[in-house]
Amino acid sequence: MKKERLNIYLDSGLRAAIRDLAGSDGHSSQVAEELLRLGLGLKKGETIEQQSLPVIRDLLQYELRRSLSQLRTEMREDMQLEILNEMKAVARRSDDRLASLIVRAIREGGLSRRMVYALLARDDAQFALHVYDDARAKVGKDLAARSGDGHA
């Protein structure tokens, strides 16, 4: 490698430090060359750092925003699943409860009807049949009137 001469003026303390590093061998030019390489490398590193830090910062912010957005989306989906599953379970329990209450009401109504019919039929079977048919007609009319009004 071809070497060229560089004349520079140094502070006397710096020159003494280079000679101390070179030691008794007297290769102060090699030590100075090595120090210059290190200094240039540091200077280039600072320049690269100054130029690349904004780009790295922008990339980091972009990745953080993207990750946070993805995390929020996943959390929203998880919460929706949990809430929907809980709502379905509550609705299922409510539907089951309502169905059992309807079955009980029908059974109780049927029992009451049979008991009243049996009680009335003891004295007069024809009268019991007439009361039953009349009640059935009136309940049918009442239900039809309510469903027509929208009060079902």
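Source: prediction; values computed, not measured.

*Asks:* What is the right way to look at the overall build of the protein in this model?
*Replies:* Scanning the protein from terminus to terminus reveals 3 helices and 0 strands. Going from N to C terminus, the protein has its helices and strands arranged as α-α-α. Taken against the 2.2 N^0.38 rule, which gives 15 Å for 152 residues, the C-alpha radius of gyration of the protein at 49 Å runs more than 25% over that of a compact globule. Once the C-alpha set of the protein is aligned to its principal axes, its extents read approximately 140 × 35 × 30 Å.

*Asks:* I keep staring at the packing of helix H1 (residues 12-22) against helix H2 (residues 28-123) and nothing clicks. Help me out?
*Replies:* A pair of packed helices is captured by two measures, namely the crossing angle of their axes and the spacing between those axes. For the pair H1 and H2, the least separation of the axes is 8 Å and the interaxial angle reads 110 degrees. Here H1 is positioned roughly perpendicular relative to H2, judged by the angle of their axes. For the pair H1 and H2, the sense of crossing is right-handed. The residues of H2 that touch H1, namely those facing Ile 18, Arg 19, Leu 21 and Ala 22, are Ser 28, Val 31, Ala 32 and Leu 35.

*Asks:* I would appreciate a short explanation of a nonpolar patch on the surface in the present structure.
*Replies:* Among the surface-exposed residues, Leu 6, Ile 8, Leu 10, Leu 14 and Leu 36 lie close enough to one another that they form a single nonpolar patch of about 460 Å² accessible area. The exposure class assigned to Ile 8 is partly exposed, which follows from its relative accessible area of 46%.

*Asks:* Quick question: what am I supposed to make of the environment of Ser 28 here?
*Replies:* With respect to the element layout, Ser 28 can be found in helix H2. When its relative accessible area of 27% is taken as the criterion, Ser 28 is described as partly exposed. Considering only alpha carbons, one finds Ser 28 and Arg 15, 13 residues apart in sequence, at a separation of 9.1 Å.

*Asks:* Just checking my understanding: could you explain the pattern of salt bridges for this structure?
*Replies:* Scanning the model with the defined rule gives 5 salt bridges in all. Notably, a salt bridge pairs Glu 86 with Arg 93, separated by 3.9 Å at the nearest N-O pair.

*Asks:* Quick question: what am I supposed to make of H1 here?
*Replies:* Since the α-helix turns once every 3.6 residues, residues separated by three or four places project in the same direction. Near the N-terminus of H1, the side chain that reaches the backbone nitrogen of Gly 13, with its oxygen 3.1 Å away, is that of Asp 11. Positive phi shows up at Gly 23, right after H1, with a value of about 75 degrees.

*Asks:* Explanation requested: H2 in the structure shown.
*Replies:* Between its first and last C-alpha atoms H2 spans 137 Å; for 96 residues at 1.5 Å apiece the expected length is 142 Å, and the two agree. Considering only its buried residues, H2 is in contact with H1.

*Asks:* I tried to follow the environment of Arg 136 on my own but got confused; where do I start?
*Replies:* Inspection of the secondary structure puts Arg 136 in helix H3 (residues 125-149). Since its relative accessible area comes to 54%, Arg 136 is described here as exposed. For Arg 136 and Val 55, which are 81 residues apart along the polypeptide, the C-alpha to C-alpha distance reads 84 Å.

*Asks:* Whenever I open this one, the packing of aromatic side chains confuses me. Can you help?
*Replies:* Two numbers describe a pair of aromatic rings. These are the distance of the centres and the angle of the planes. On inspection of all chains with the given rule, the structure shows 1 aromatic pair. Considering the side-chain rings of Tyr 117 and Tyr 132, the 6.3 Å spacing of their centres and the 75 degrees angle between planes classify their relative orientation as edge-to-face. Placement of Tyr 117 in helix H2 and of Tyr 132 in helix H3 is noted, with a sequence separation of 15 residues between them.

*Asks:* Would you mind showing me how to read the environment of Glu 82 here?
*Replies:* Mapped onto the secondary structure, Glu 82 falls in helix H2. Residues Glu 82 and Arg 57 lie 25 residues apart in sequence; the distance between their C-alpha atoms is 37 Å.

Analysis parameters
Residues numbered from 1 in each chain as written. Predicted model: local features only at pLDDT ≥ 70, side-chain atom pairs only at ≥ 80, totals over all residues. Heavy atoms only, no water. Helix = DSSP H or I, 4+ residues; strand = E, 2+ residues; numbered from the N terminus. Rg over C-alpha atoms; globule rule 2.2 N^0.38 Å. Axes fitted to C-alpha atoms, helices over the stretch in contact; angles between N-to-C directions. Parallel < 35°, antiparallel > 145°, perpendicular 65-115°, else oblique. Left-handed = near helix turned anticlockwise from the far one by under 90°. Contact = heavy atoms within 4.5 Å. Patch = residues over 30% accessible without salt bridge, like charges linked within 9 Å, V, L, I, M, F, W, Y side chains within 5 Å. Areas by Shrake-Rupley, 256 points an atom, 1.4 Å probe, with all protein chains shown as cover. Salt bridge = Lys/Arg side-chain N within 4 Å of Asp/Glu carboxyl O. Buried < 20%, exposed > 50% of the residue type's maximum accessible area, 1.4 Å probe, protein only. Polar contact = N/O pair within 3.5 Å; in protein donor to acceptor, adjacent residues only side chain to side chain. Expected span 1.5 Å × (residues − 1). Phe/Tyr/Trp six-rings, centres within 6.5 Å; stacked < 30°, edge-to-face > 60°.

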